[in-house]
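Inside the fold
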Amino acid sequence: MDEAQARIEFREIDEHGNALEHHLGPVEEPQRRAALNPFIIGLWVLEMALAIAIMVIINEAMTPFNSSLGNPMPIAYILSTMTPQLLQTAALILATLLFWHAWQWQKRKAQK
């Protein structure tokens, strides 16, 4: 039975019953463009927004505190107290993005 199965070949035929030429070479896959991941794009936008916010906060914190009677806690003080958390969040997002890009690069390199 193994000999019978070894001799069986499948061929494509056209509408007239003629056998079509069969290529056994490697199948060429069309070059496809990498799909953009919307979550990664969102993380990059968030990272840029955090970087800009940190720069604004540091700039505001460098200006002298103007305390007035109606406003006992100036906005610069509030913003400067948020800076460590924002810096930590921005660093974490940046590290995550860098590791993700390195992982994607390694995956593409392994496929080639």
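Report on the accompanying structure.

Reading guide: rules and limits
- Residues numbered from 1 in each chain as written.
- Predicted model: local features only at pLDDT ≥ 70, side-chain atom pairs only at ≥ 80, totals over all residues.
- Heavy atoms only, no water.
- Helix = DSSP H or I, 4+ residues; strand = E, 2+ residues; numbered from the N terminus.
- Buried < 20%, exposed > 50% of the residue type's maximum accessible area, 1.4 Å probe, protein only.
- Contact = heavy atoms within 4.5 Å.
- Areas by Shrake-Rupley, 256 points an atom, 1.4 Å probe, with all protein chains shown as cover.
- Core = buried A, V, L, I, M, F, W, Y, C linked by side-chain atoms within 4.5 Å.
- Lys, Arg positive; Asp, Glu negative; His and termini not counted.
- Salt bridge = Lys/Arg side-chain N within 4 Å of Asp/Glu carboxyl O.
- Polar contact = N/O pair within 3.5 Å; in protein donor to acceptor, adjacent residues only side chain to side chain.
- Phe/Tyr/Trp six-rings, centres within 6.5 Å; stacked < 30°, edge-to-face > 60°.
- Lys NZ or Arg CZ within 6 Å of the ring centre and 35° of its normal.
- Patch = residues over 30% accessible without salt bridge, like charges linked within 9 Å, V, L, I, M, F, W, Y side chains within 5 Å.
- Charge placed at Lys NZ, Arg CZ, Asp CG, Glu CD.

Remarks on the overall build of the protein
When helices and strands are tallied, the protein shows three helices and zero strands. Listing the helices and strands of the protein from first to last along the sequence gives α-α-α. The proportion of buried residues among the 112 residues of the protein is 12%. Intrachain contacts of the protein at a sequence separation of at least 6 include 60% that bridge at least 24 residues. For the protein, the accessible surface area stands at approximately 10,500 Å², while carbon and sulfur atoms represent 63% of it.

Concerning the nonpolar core
Within soluble globular proteins, side chains that are nonpolar tend to cluster in buried spots. Membership of the largest hydrophobic core is limited to nine residues, which are Ile40, Leu50, Ile54, Ile57, Leu79, Leu86, Ala90, Ile93 and Leu97. Contributing elements (two or more residues each) for this core: helix H2 (38–62) and helix H3 (75–111). Broken down by element, this core gets its largest block of residues, five residues, from H3.

Observations concerning the side chain of Glu47
Turning to its location among the elements, Glu47 is positioned in helix H2. Of the buried charged residues, Glu47 lacks a salt bridge, with Arg108 as the closest side chain of opposite charge at 19 Å. Reaching out from Glu47, the side chain makes a polar contact with the backbone nitrogen of Leu94 at a distance of 3.4 Å. The residues contacting Glu47, other than those within four sequence positions of it, are Ala90, Ile93, Leu94 and Leu97.

Regarding the packing of aromatic side chains
Counted by the stated rule, this structure contains zero aromatic pairs. Over the ring of Trp103 we find Lys107; its NZ or CZ atom is 4.9 Å from the centre of that ring.

Digging into a positive patch on the surface
Together, Lys107, Arg108, Lys109 and Lys112 line one region of the surface with positive charge. Of note, Lys107 is situated in helix H3. According to the relative accessible area criterion, Lys107 is partly exposed, its value standing at 38%.

Observations regarding the environment of Met55
With respect to the helices, strands and loops of the structure, Met55 is situated in helix H2. Residue Met55 is classed as exposed on the basis of its relative accessible area of 55%. A sequence separation of 28 residues divides Met55 from Thr83, and the C-alpha atoms of the two residues are 9.5 Å apart.

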